[in-house]
Amino acid sequence: MIKIRKFTIHQGTKTPLKQQWEDNLHGKIEVKHQIRADTINDLENFSQDLQHISLVVESIRKNHQVLLTENDRLNRLF
């Protein structure tokens, strides 16, 4: 009968290099989450800006049409 040794993995203190690597990784993940959140916020703001610009353009178009109609009316009078 062959006996196989059992290996025990100890999860004691981390080596400074491993701790530095983990801290660096956590930092990168946090930065990516912040960039993603900022990007989503920027896209929402940009969408609101486009909606506002669309309303302004529509208002200008309507005002222009009213002016054209009024000019037409005045031209017929004179």
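Residues numbered from 1 in each chain as written. Predicted model: local features only at pLDDT ≥ 70, side-chain atom pairs only at ≥ 80, totals over all residues. Heavy atoms only, no water.

What follows concerns the overall build of the chain. Along the backbone of the chain there are 1 helix and 0 strands. Within the span of the chain, comprising 78 residues, buried residues form 1% of the whole. About 8300 Å² of surface is accessible on the chain, with carbon and sulfur atoms providing 60% of the total. (Helix = DSSP H or I, 4+ residues; strand = E, 2+ residues; numbered from the N terminus. Buried < 20%, exposed > 50% of the residue type's maximum accessible area, 1.4 Å probe, protein only. Areas by Shrake-Rupley, 256 points an atom, 1.4 Å probe, with all protein chains shown as cover.)

Residues Phe46, Leu50, Ile53 and Val57 make up a contiguous nonpolar surface patch of about 390 Å² in total accessible area. Inspection of the secondary structure puts Leu50 in helix 1 (residues 16-77). (Patch = residues over 30% accessible without salt bridge, like charges linked within 9 Å, V, L, I, M, F, W, Y side chains within 5 Å. Salt bridge = Lys/Arg side-chain N within 4 Å of Asp/Glu carboxyl O.)

The subject of this paragraph is the pattern of salt bridges. Scanning the model with the defined rule gives 3 salt bridges in all. Its salt-bridge partner being Arg61, residue Glu58 comes within 2.7 Å of it at the nearest N-O pair. With Glu58 and Arg61 both in helix 1 and 3 residues apart, this pair spans about one turn of that helix. Judged by relative accessible area, which is 32%, Glu58 ranks as partly exposed. Between Glu70 and Arg73 there is a salt bridge whose closest N-O contact spans 2.7 Å. Taken together, the positions of Glu70 and Arg73, both in helix 1 and 3 residues apart, correspond to about one turn of that helix. Classification of Arg73 as partly exposed rests on a relative accessible area of 41%.

Don't take any of this as a statement about function, it's just geometry.
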